[in-house]
Amino acid sequence: MIPAAFEYKKAGSADEAIALLTEYGDEAKLLAGGHSLLPLMKLRLARPEVLIDIGNVADLSYVREDGDHIAVGALTRHRDVERSDVLRSALPVLAHVASTVGDPQVRNRGTIGGSIVHGDPASDLPSVVLATGATLVVRGSGGQREIAAADFFVDFLETAVAADELLTEIKFPKSNGAGWSFQKFNRRAQDWAIVGATVVGGDNPGVSLVNMGSKPELSVAATEAMASGASPSDVGAAAADGAANPPEDLSANVAYRRHLARSLVERAVAEASN
Amino acid sequence: MENRPSNVPVTINVNGNALSAEVEPRTLLALFLRDDLHLTGTHIGCDTSNCGACTVLLDGDAVKSCTVLAVQADGRDITTIEGVAGDDGSFSAVQEGFRQEHGLQCGYCTPGMIMAATALLADNPNPSEHDIRHNLEGNLCRCTGYQMIVNSVRWAAENPDGVSVSVGGQGAHS
Ligand SMILES: Cc1cc2nc3c(=O)[nH]c(=O)nc-3n(C[C@H](O)[C@H](O)[C@H](O)COP(=O)(O)OP(=O)(O)OC[C@H]3O[C@@H](n4cnc5c(N)ncnc54)[C@H](O)[C@@H]3O)c2cc1C
Ligand code: FES
Ligand code: FES
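Definitions and cut-offs
Residues numbered from 1 in each chain as written. Chains lettered and ligands numbered in written order. Predicted model: local features only at pLDDT ≥ 70, side-chain atom pairs only at ≥ 80, totals over all residues. Heavy atoms only, no water. Helix = DSSP H or I, 4+ residues; strand = E, 2+ residues; numbered from the N terminus. Rg over C-alpha atoms; globule rule 2.2 N^0.38 Å. Buried < 20%, exposed > 50% of the residue type's maximum accessible area, 1.4 Å probe, protein only. Contact = heavy atoms within 4.5 Å. Areas by Shrake-Rupley, 256 points an atom, 1.4 Å probe, with all protein chains shown as cover. Core = buried A, V, L, I, M, F, W, Y, C linked by side-chain atoms within 4.5 Å. Pairing = 2+ DSSP bridges. Axes fitted to C-alpha atoms, helices over the stretch in contact; angles between N-to-C directions. Patch = residues over 30% accessible without salt bridge, like charges linked within 9 Å, V, L, I, M, F, W, Y side chains within 5 Å. Salt bridge = Lys/Arg side-chain N within 4 Å of Asp/Glu carboxyl O.

Turning our attention to the overall build of chain A. Along chain A, the regular secondary structure elements total twelve helices and 14 strands. Computed over its C-alpha atoms, the radius of gyration of chain A comes to 18 Å, within 12% of the 19 Å expected for a compact globule of 274 residues. Put simply, chain A has 274 residues, and 55% of those count as buried. In chain A, the share of contacts with a sequence separation of at least 24, taken over all contacts with a separation of at least 6, comes to 61%. As displayed, chain A offers around 11000 Å² of accessible surface, 47% of which is attributable to carbon and sulfur atoms.

Dropping the structure here:
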């Protein structure tokens with residue numbers, strides 16, 4: 001399977017990428033690791049006329065401590081997130097979740113920014129963005145703006161990033177030793193989650209779900225239940241009942257998905273509280 | 001699109017040889033290697049980034065070449081299965097391990113398995129069985145049931161110098 005023909009432009013910097021996005025508008029797509037976009041293009045489900053390759057913008061690949069948060073460059077590959085010493089100590093949930101994405105070859109190519117902007121409800125990293133209440137930094141021809149996690153994911157494969165904008169950085173609040181857990185239920189090791197759950201404890205708890213709706217979602221009901229000190233099983237029930245629109249596919253129907261969400265969240269809350 | 005998109009000049013270092021070419025942007029690295037360079041040891045299995053048969057090393061990292069564009073490899077080092085043996089044809093430790101432990105049956109997955117295992121051992125010279133299984137998650141085998149493959153990689157870890165047997169020499173399992 002070969003993608004439809006496209007014009008290829010290599011951007012050497014974020015500014016160059018923004019200039020190219022402004023020039024080509026809706027016809028263009030950014031190419032980061034290509035591990036969501038290229039499979040879609042091979043199936044001709046996506047046919048951009050211009051690809052703007054940002055894979056070589058090295059100064060958008062970093063993990064650094066910055067006061068009360070950790071700044072992660074959008075072009076940081078899953079493998080570098082997984083192995084970052086800074087993250088392993090200051091935000092271990094992110095390093096761990098990155099280590100469960102796909103398989104080693106996928107993690108060597110895929111970027112955290114690509115995963116987040118792609119906005120797939122079945123993807124793992126957006127659940128950390130939501131559960132930790134991270135802030136997304138985007139830049140476009142009109143300048144830079146920050147978007148709260150809660151406002152970022154709009155609909156299926158749709159985020160608040162505009163067509164002429166680039167996600168440059170994700171600011172994660174430091175976990176300060178708060179408990180956390182990520183539960184991913186799948187059949188084979190390399191697979192996507194049938195259902196997944198990320199739970200962070202501490203003063204600002206968060207419960208988010210993978211593959212339980214049309215977009216990556218924070219479970220507001222479960223997060224509130226957790227904040228009020230509810231038991232793990234009650235938080236699990238709140239997560240399962242609170243999911244408005246679980247998908248149905250070959251792996252699971254709605255009832256089974258709710259069952260998984262309940263069990264995984266219950267398990268995750270118990271683990272995060274230890 | 002009415003106008004044919006322009007080809008893009010690339011220079012890719014493949015198995016130690018710097019090659020310059022003009023490629024159509026949509027050319028997949030796997031097809032560039034197979035069709036343009038005739039390096040057909042890199043196999044295409046699923047063509048959907050699942051099976052790992054097309055695994056090559058990009059600057060030393062295992063990647064699925066069916067999901068990388070040739071233009072993305074511009075200026076980079078690519079190692080394919082053809083570049084794994086020594087210049088004199090002697091097997092690498094991983095290749096020898098697959099021979100010693102019979103890590104293949106039909107052989108279709110083998111180039112990808114060897115490339116993934118090569119990347120693993122470069123990073124972690126003494127992997128546990130769990131490490132090996134975890135790091136080969138991206139490679140599917142329809143024949144062996146994986147145990148012989150795990151044994152082969154363990155053999156390579158335990159015999160990092162391999163055994164110096166030239167290609168086409170006496171077979172080990174005659
Ligand atoms: C076999 C396989 C298994 C996988 N398994 C999992 C899994 O278990 N869990 C999981 O979460 N993911 C999984 N993935 C997806 C993987 O994590 C992707 O790498 C990731 O979703 C996309 O990142 P990318 O850098 O490859 O983005 P690309 O494919 O390059 O881009 C994706 C989209 O985001 C846009 N984009 C990329 N970067 C930016 C940016 N900085 N600013 C604005 N827009 C941008 C692109 O234009 C495109 O629309 C899997 C992928 C494969 C091929
Ligand atoms: S052919 Fe590339 S992963 Fe199967
Ligand atoms: S040996 Fe046949 S697929 Fe692995």
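Judged by nonpolar contacts, the single largest core of 52 residues is most densely connected at Leu94 and Phe172 of chain A. Apart from the residues lying within four places of it in its own chain, the contact partners of Leu94 of chain A are Val72, Val81, Leu87, Ile112, Leu125, Val128 and Phe172 of chain A. Ile12, Leu31, Leu39 and Leu69 of chain B belong to the second-largest nonpolar core, a separate cluster that totals 28 residues.

This next bit is on the sheet that holds strand E6 (residues 135-140) of chain A. Residues and elements named next belong to chain A. The strand order across the open sheet built from five strands is E4-E5-E10-E6-E7, with neighbouring strands paired in antiparallel fashion. The sheet is open, and its two edges are formed by strand E4 (63-66) and strand E7 (143-148), each paired on a single side. When the angles between neighbouring strand axes are averaged without regard to direction, this sheet yields 25°. With respect to the sheet, helix H8 (residues 125-132) is in contact with E6 and strand E10 (165-173), its orientation differing from that of E10 by roughly 55°.

What follows deals with the environment of Asn159 of chain B. Tracing the sequence through the fold places Asn159 of chain B in the segment after helix H5 (147-158). Each C-alpha atom of the pair Asn159 of chain B and Gly97 of chain B lies 8.2 Å from the other, and the pair is 62 residues apart in sequence.

A separate point is a nonpolar patch on the surface. Side chains of Met1, Leu43 and Leu45 of chain A sit close together on the surface and give an oily, nonpolar patch of about 310 Å² of accessible area. Note on placement: Met1 of chain A falls in the segment before strand E1 (7-10).

Moving on, we come to the sheet that holds strand E4 (residues 61-64) of chain B. All names here are of chain B. Overall, mixed pairing links the five strands, which are arranged E2-E1-E5-E3-E4 in an open sheet. Looking at the sheet topology across the chains shown, the edges are occupied by strand E2 (17-23) and E4. Each neighbouring strand pair of the sheet contributes to a mean axis angle of 40°, computed without reference to strand direction. As judged from the seven bridges shared by strand E1 (residues 8-14) and E2, these two strands associate in the antiparallel manner. Note that in E2 the partner of Ile12 across the bridge is Leu19.

On to the pattern of salt bridges, then. Proximity of charged atoms lets side chains of opposite charge pair with each other. Tallied over the full model, the rule gives 19 salt bridges over all chains. The salt bridge partner of Arg79 of chain A is Asp123 of chain B, with a shortest N-O separation of 3.9 Å. Linking Arg79 of chain A in helix H3 (residues 78-83) with Asp123 of chain B in helix H3 (residues 110-123), this pair reaches from one chain into another. Here Lys171 of chain A ties to Glu146 of chain A by a salt bridge, and the two come within 2.7 Å at their closest N and O atoms. Of the two residues, Lys171 of chain A sits in strand E10 while Glu146 of chain A sits in strand E7, which places them 25 residues apart along the sequence. Judged by its relative accessible area of 22%, Lys171 of chain A is partly exposed. Judged by its relative accessible area of 47%, Glu146 of chain A is partly exposed.

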